[in-house]
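Read off the chains here:
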Protein chains: 2
Amino acid sequence: MDHPTLPSAADWLAKAGLRPTRQRLALAHLLIGDGKHRHVTAESLFEAARRAGDPVSLATVYNTLKVFSEAGLLREITVNGAKSYFDTDTSNHPHFFWEETGDLSDAPGDELEIARLPEAPAGAEISKVDVVIRVRQKAPA
Amino acid sequence: MDHPTLPSAADWLAKAGLRPTRQRLALAHLLIGDGKHRHVTAESLFEAARRAGDPVSLATVYNTLKVFSEAGLLREITVNGAKSYFDTDTSNHPHFFWEETGDLSDAPGDELEIARLPEAPAGAEISKVDVVIRVRQKAPA
DNA sequence: TTAAGTGCAAATTATTTGCAGTAAG
DNA sequence: CTTACTGCAAATAATTTGCACTTAA
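Read on for a plain summary of the structure.

Analysis parameters
Residues numbered from 1 in each chain as written. Chains lettered and ligands numbered in written order. Predicted model: local features only at pLDDT ≥ 70, side-chain atom pairs only at ≥ 80, totals over all residues. Heavy atoms only, no water. Contact = heavy atoms within 4.5 Å. Buried area = accessible area lost by both parts, 1.4 Å probe. Salt bridge = Lys/Arg side-chain N within 4 Å of Asp/Glu carboxyl O. Polar contact = N/O pair within 3.5 Å; in protein donor to acceptor, adjacent residues only side chain to side chain. Helix = DSSP H or I, 4+ residues; strand = E, 2+ residues; numbered from the N terminus. Phe/Tyr/Trp six-rings, centres within 6.5 Å; stacked < 30°, edge-to-face > 60°. Buried < 20%, exposed > 50% of the residue type's maximum accessible area, 1.4 Å probe, protein only. Near = heavy atom within 4 Å.

Focus: the interface of chain B and chain A
- Each side of the interface is counted separately: chain B has 41 residues, and chain A has 41 residues.
- On the chain B side of the contact with chain A, Arg116, Pro118 and Glu125 of chain B bury the most area, a combined 17% of that side's loss.
- In this assembly, chain B and chain A are joined by four salt bridges.
- For the interface between chain B and chain A, the tally reads 14 residue pairs in polar contact (both at pLDDT 80 or more).
- Elements that contribute at least two residues to the side of chain B that touches chain A include exactly β4 (95–98), β6 (113–116) and β7 (124–137) of chain B.

Overview of the packing of aromatic side chains
Residue and element names in this part refer to chain A.
- Taken as a whole and judged by the stated rule, the model has two aromatic pairs over all chains.
- Ring geometry for Trp12 against Phe68: centres 5.2 Å apart, planes inclined by 85°, an arrangement best described as edge-to-face. With Trp12 in helix α1 (residues 9–14) and Phe68 in helix α4 (residues 58–70), the pair connects residues that are 56 residues apart, well separated along the chain. Take Trp12 and Phe68: they sit in the same class, and that class is buried.

Quick notes on the protein's contact with DNA strand C
- Taken together, 17 residues lie near DNA strand C, and Thr21, Gln23 and Thr60 of chain A together with Ala82 and Ser84 of chain B sit nearest.
- Between a phosphate oxygen of DNA strand C and a main-chain N or O atom of Ser57 of chain A, the distance comes to 3.2 Å.
- Between Thr60 of chain A and DNA strand C, the recorded distance is 2.5 Å, taken from a side-chain N or O atom to a phosphate oxygen.
- Put simply, the parts of the chain that give the surface near DNA strand C at least two residues each are α2 (22–32) and α4 of chain A together with α4 (58–70) of chain B.

As structure tokens, then:
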């Protein structure tokens, strides 16, 4: 069923040196199984696992997403005061945040061009730059 | 004590059409009293009010900050999963977020230059663009 | 065997809300 | 007067944690 050119969930974990437990393999498969990037929250991934018939506790989903992010497999994006999204695309790219629905989607990364960036203050270094473009439904005339 | 060229807390509320209650005046004064921009959280402003001897409940601080933001007097910035910051500088400018301490500070706005921005998807419009530059202490060699 | 991973339920943190009382227009 | 604002305490939402059990190495 897996396409040979796609990295398997096991490979994905292995390259980060993470133990391939049943739960992690299941979540990893849901995240990268089809090779397409996606944005999940702990809650949405928990739901997806439930629908797929993989029993995983919500706490483990939270822990696993954090572990994946720390290992560089995912990128955490915090948009709203409350929710964290995790993006399987770890490259530096901007996001659209839909104010009405709370959804997050990729913005075409090649259409953002930052000509100059402020320098990090002395003794500090830039870890990453988050660009969130908040959009809303255009009001009907 | 107030410098005549600084807008008073009362003026500041008036221009947004907000009722000048004792609590709002006190919080407004703490926010813009000296004409300098600042970043506060509900908790930090609550503490500042307490220290200044202005009795205000935490719930009112939360509500007031939200009202001020909706009225365009403040700009809300959500950085981490948990906390919201409110900035008295409502212009579009980037921020430094200190990963170790959770502090937020202004980054010089004139050193950020966005050459191109992705267009909003059809039917949508850009409400604002948040640029957060995450910085951390440089590791000592 | 043994340190890491998991699941549950309870704990935490940031924020919101219901509702009775208080004050601004 | 009358509607908005305030304060408290309880409610909520997202996330984390303590601890006994399970599993990968």
